[in-house]
Amino acid sequence: GDSVTQMEGPVTLSEEAFLTINCTYTATGYPSLFWYVQYPGEGLQLLLKATKADDKGSNKGFEATYRKETTSFHLEKGSVQVSDSAVYFCALTGATNKLIFGTGTLLAVQP
Amino acid sequence: DGGITQSPKYLFRKEGQNVTLSCEQNLNHDAMYWYRQDPGQGLRLIYYSQIVNDFQKGDIAEGYSVSREKKESFPLTVTSAQKNPTAFYLCASSMGQGGYNEQFFGPGTRLTVL
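Residues numbered from 1 in each chain as written. Chains lettered and ligands numbered in written order. Predicted model: local features only at pLDDT ≥ 70, side-chain atom pairs only at ≥ 80, totals over all residues. Heavy atoms only, no water.

## Brief notes about unusual backbone geometry
Here is the rule we go by: Elements are defined by DSSP. Helices are runs of H or I of four residues or more, strands are runs of E of two residues or more, and each kind is numbered from the N terminus. For every residue, the accessible area obtained with a 1.4 Å probe (protein chains only) is divided by the maximum for its type, and the residue is called buried under 20%, exposed over 50%, and partly exposed between those limits.
Going from Gly9 of chain A to Pro10 of chain A, the amide bond is cis rather than trans, its omega being 0°. By secondary structure assignment, the location of Pro10 of chain A is in the loop between β1 (3–6) and β2 (11–14). For the bond running from Ser7 of chain B to Pro8 of chain B, omega is -10°, close enough to zero to count as cis. Phi angles above zero are rare outside glycine, and Glu16 of chain A is one such case at about 80°. With respect to the helices and strands, Glu16 of chain A occurs in the loop between β2 and β3 (19–21). By relative accessible area, which is 60% here, Glu16 of chain A ends up exposed. Non-glycine residue Lys60 of chain A carries a positive phi angle of around 55°. Looking at the secondary structure, you find Lys60 of chain A in the loop between β7 (56–59) and β8 (62–65). Given a relative accessible area of 53%, Lys60 of chain A falls into the exposed group.

Structure follows, in structure tokens:
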């Protein structure tokens, strides 16, 4: 079945460092891909999405490109801030139309 | 402001008791969802509903029940049959159930069974 694999955390960075969180997927057909963010004690918020190959989703300085050839949707940010500390989830909707999540990656940014 | 509310934020129950978690949305969304979040396991789908008076089991429905009598409300009951109910429960809604429809999440309810 469809699945999402993302790098395990925690990822610890200093402020202004470059961030990459890897995400790869397995799906039949042409899934839509998402990154959600969960701040401590809160629900999830959609960070960005891409619905077809080569689309780039972007929001709040974060970017991810839908790469069909490598089945990847890696999250990147050029300069992280302490306020970016959160858990990041990669997710997809495929043939079943259900949202399937990766296990989440905890990002801790130190001042 | 439009959004999804879940209550209560924290809930404690004794083993063997049923408990109902509330989820209300004023986004006029047709579809609603319940997820369970455990450390290191991401989110898993419990139940979902595409329309009033209709709902389907998700991947881990055993020990849970839902109702959808109103468009705005989708309460989840955690029954005594659920073997490990302590978890963080998240409710979500979307315009429809298609893959392009963004799901909006509530703030969650943390249930602890003593």
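Moving on from the coordinates now.
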